[in-house]
Amino acid sequence: MTEIIEGVVLKSSDYQEHSKILQVFSKEHGLLGIYLRGASNYKSPNFALAQPISHAFFTIRYTEGLSSSFKGEMINAFQNLKLDFTKNIYVYHLFELLMRNLQQHESHPDLYELLIKTLYILENNKEMRLLKLLTIYFEMQLLYHLGVGPVVSECVVCGERTNIANFDIPHGGFVCLNHLDKSQKRYSISTLELLYKLQNNTFEEIVALSTDVKNEVLKDLREIMTNFYLYHLNMTTNAVKYFEKS
Ligand SMILES: [Zn+2]
C-alpha cells in the first residue's frame, strides 16, 4: 500500500544508474531511508526533490527497511538556503545532528515542526545573528528530545532557584553559588539569562529577541552547545571547526 508523507531531505546519495537513496526527516515516520527512482536524471521531476533541504511530499511504499518512491511534489525548494554557502554550513550541521542522534522510524512531530519553521526563517532572512541563535535553539531543543537537555531553571545539584552562579557543562546545567566549581569557565549573567529563555520561550519569542543578543553572548552559547554535545553525547560535526572561526 502506498502512502503520502511530508518530509525534508537531509542527505542524498547516488544509487544505481538513475536513482538516489534519500535520508528524509518525515513528519509521519521521523528519519526514513527512501529509494527514489529516476532522481539522478536532471530531466526528471524527481531530480529537484532529491536535493538536500528540499521540503516535499513523497508518495512512498513504506517498509521497515528502505521505503521506495517514484514520485513526489515539492512544497518548498528552499532555493536561497541551497545556494548560500554560510547558511548551508548551519543547516547541514543540524541535519547531521538529527541523523546521528535520532532512531529511524521514530516520529518527532514537535522537532519536525521546529525544523520547518527554522528553515523558513533562514530561507527569508540574511541576519547572521538569527542564523546563529536559531541553530543554538534547535540544538538545545534536540537535547531535550534526547532526554539530556540542560537544567536551566534551578541548580542542577541542589535545586536552589536563587543565587545561580554559572552554567556547568559536566554537571549539565545551572549551579548555585554553593555548588560553583571554580575550575570551570564563568559565564555572564546575560548568557545565563538567554539559556533560560532558550528553554522557556517560544520559537517566535526567540526570533523576536535575536536582534538584541550581544556577540559575546552568542559566542558563549556557541561554545556551551559545542562542548555540551561533546561532553554528554560524545559527538561533534564538521561545522564546529567553522563556527570557531566565524
Ligand atoms: Zn546548588
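Numbers given for residues are sequential positions, taken from 1 along each chain in its written order. A pLDDT threshold of at least 70 governs which residues receive local features in this predicted model, and a stricter bar of 80 or more applies before side-chain atom pairs are shown or counted, although totals over entire chains, interfaces and linings include all residues. The basis for the side-chain values is all heavy atoms of the structure; hydrogens and waters are excluded.

Okay, the nonpolar core next. The definition of a nonpolar core used throughout is a set of buried Ala, Val, Leu, Ile, Met, Phe, Trp, Tyr and Cys residues joined through side-chain atoms within 4.5 Å. A 1.4 Å probe rolled over the protein chains alone gives each residue an accessible area, and that area as a share of the maximum for its type sets the label: buried under 20%, exposed over 50%, partly exposed in between. The biggest cluster of nonpolar side chains holds 56 residues, and the ones touching the most others in it are Phe25, Leu98, Leu133, Phe167 and Leu195. Secondary structure follows DSSP: runs of H or I at least 4 residues long count as helices, runs of E at least 2 residues long count as strands, and numbering of each begins at the N terminus. Every element with two or more residues in this core is listed here: β1 (2-15), α3 (85-101), α4 (109-123), α5 (128-145), α6 (189-200), α7 (203-209), α8 (215-233) and α9 (239-245). By size, the runner-up hydrophobic cluster in this structure holds 13 residues, among which are Leu49, Ala50, Ala56 and Phe58.

So, on to α3. An ideal rise of 1.5 Å per residue puts 24 Å on 17 residues; α3 measures up with 24 Å between its terminal C-alpha atoms. For α3, the complete set of buried residues consists of Lys87, Asn88, Ile89, Tyr90, Val91, His93, Leu94, Phe95, Leu97, Leu98 and Asn101. Polar contact is the term for a pair of N or O atoms within 3.5 Å; when the atoms are in protein, one must be able to donate a hydrogen and the other to accept it, and sequence-neighboring residues count only if both atoms are side-chain atoms. A distance of 3.0 Å separates the backbone nitrogen of threonine 86 from a side-chain oxygen at the start of α3, and that oxygen is part of aspartate 84. Here a helix's expected span is defined as the number of its residues, less one, multiplied by 1.5 Å.

Another aspect to go through is the pattern of salt bridges. Side-chain pairs of opposite charge can arise whenever the charged atoms involved come near each other. A carboxyl oxygen of Asp or Glu within 4 Å of a side-chain nitrogen of Lys or Arg is what we treat as a salt bridge. According to the stated counting rule, one finds 10 salt bridges in the structure shown. The partner of lysine 117 in a salt bridge is glutamate 204, with the nearest N and O atoms 3.5 Å apart. In this pair, lysine 117 is assigned in helix α4 and glutamate 204 in helix α7, connecting sequence segments 87 residues apart. Exposure remark for lysine 117: the relative accessible area of 26% places this residue in the partly exposed category.

Protein ligation of the zinc ion involves Cys155 (SG), Cys158 (SG), Cys176 (SG) and His179 (ND1), the donor distances falling in the range 2.1 to 2.3 Å. Seen from the zinc ion, its four donor atoms lie at angles of 98 to 116°, and the figure they make is tetrahedral. Each metal site is built from N, O and S donor atoms within 2.8 Å (3.2 Å for Na, K and Ca), and since water is not included, such sites may look incomplete. In terms of primary sequence, the donors binding the zinc ion are separated according to C-x2-C-x17-C-x2-H. On the criterion of sequence distance, the pair formed by cysteine 155 in the loop between α5 and β6 (164-168) and cysteine 176 in strand β7 (residues 173-176) is long-range, its members being 21 residues apart. Look at cysteine 155 and you get buried, because its relative accessible area is 1%. Just to be clear on the cut-offs, tetrahedral is four donors with all angles between 85 and 135 degrees, square planar is four donors and octahedral six with opposite donors over 155 degrees apart and all others between 65 and 115, and anything else goes down as irregular.

So, on to the packing of α5 against α8. Helix packing geometry: the angle between the two helix axes and the distance between the axes. Only the stretch in contact is used when a helix axis is fitted, and all axes are lines through C-alpha atoms; the angle between N-to-C directions ranges over 0 to 180 degrees. Contact pair α5 / α8: the axes reach a minimum separation of 10 Å and the direction vectors enclose 30°. Judged by the angle between their axes, α5 and α8 are roughly parallel. Viewed along their axes, α5 and α8 form a crossing whose handedness is left-handed. Residues Arg129, Lys132, Leu133, Thr135, Ile136, Glu139, Met140, Leu142 and Leu143 of α5 pack against Asn215, Leu218, Leu221, Arg222, Met225, Phe228, Tyr229 and Leu233 of α8. By the convention adopted, Pro, Cys, Tyr, Trp, Phe, Met, Ile, Leu, Val and Ala count as nonpolar, Lys, Arg, Asp and Glu as charged, and the other residues, Gly among them, as polar. Of the residues belonging to the contact of α5 with α8, the class tally is 11 nonpolar, two polar and four charged. Oblique is the label for any angle not covered by the other classes, which are roughly parallel (under 35 degrees), roughly antiparallel (over 145) and roughly perpendicular (65 to 115). Two helices cross in a left-handed way if the nearer one is turned anticlockwise from the farther one by less than a right angle. They cross in a right-handed way if the turn is clockwise. Whether two residues are in contact is decided by their heavy atoms: any pair within 4.5 Å suffices.

The end-to-end C-alpha distance of α6 is 16 Å, a good match for the 16 Å that 12 residues give at a rise of 1.5 Å each. For α6, the set of buried residues is Thr191, Leu192, Leu194, Leu195 and Leu198. The buried residues of α6 all sit within an arc of 165° when viewed along its axis, so they share a single face. Considering only its buried residues, α6 is in contact with α5, β6, β7, α7 and α8. The arc in question is formed by the directions pointing from the helix axis toward the C-beta atoms.

Let us look at the domain arrangement of the protein. Split into domains, the protein comes out as domain 1 (2-78) and domain 2 (127-245). The gap between the C-alpha centroids of domain 1 and domain 2 is 34 Å. Bear in mind that the domain bounds are from an automatic or database domain assignment.

Below, the discussion takes up the packing of aromatic side chains. Between rings of Phe, Tyr and Trp, where Trp is taken as its six-membered ring, a pair exists when centres lie within 6.5 Å; planes separated by under 30 degrees are stacked, by over 60 edge-to-face, and by other angles tilted. Counted according to the given criterion, the structure contains eight aromatic pairs. Each ring, one from tyrosine 92 and one from phenylalanine 95, has its centre 5.9 Å from the other, and the planes form 90°; the classification is edge-to-face. One end of the pair is tyrosine 92 and the other is phenylalanine 95, both in helix α3 and three residues apart, which spans about a single turn. Classification of tyrosine 92 by relative accessible area gives partly exposed; the value is 32%. Residue classification places phenylalanine 95 among the buried residues on the basis of a relative accessible area of 0%. Centroid distance tyrosine 137 to phenylalanine 203: 6.1 Å. Interplanar angle 55°. Geometry classified as tilted. One end of the pair, tyrosine 137, is in helix α5; the other, phenylalanine 203, is in helix α7, and 66 residues separate them in sequence. With a relative accessible area of 7%, tyrosine 137 lands in the buried category. Each member of the aromatic cluster is reached from another via a ring pair, and the members are Phe167, Phe174 and Phe228.

Glancing now at unusual backbone geometry. Of note, the phi angle at histidine 105 is positive, near 65°, even though the residue is not glycine. For histidine 105, the position within the fold is in the loop between α3 and α4.

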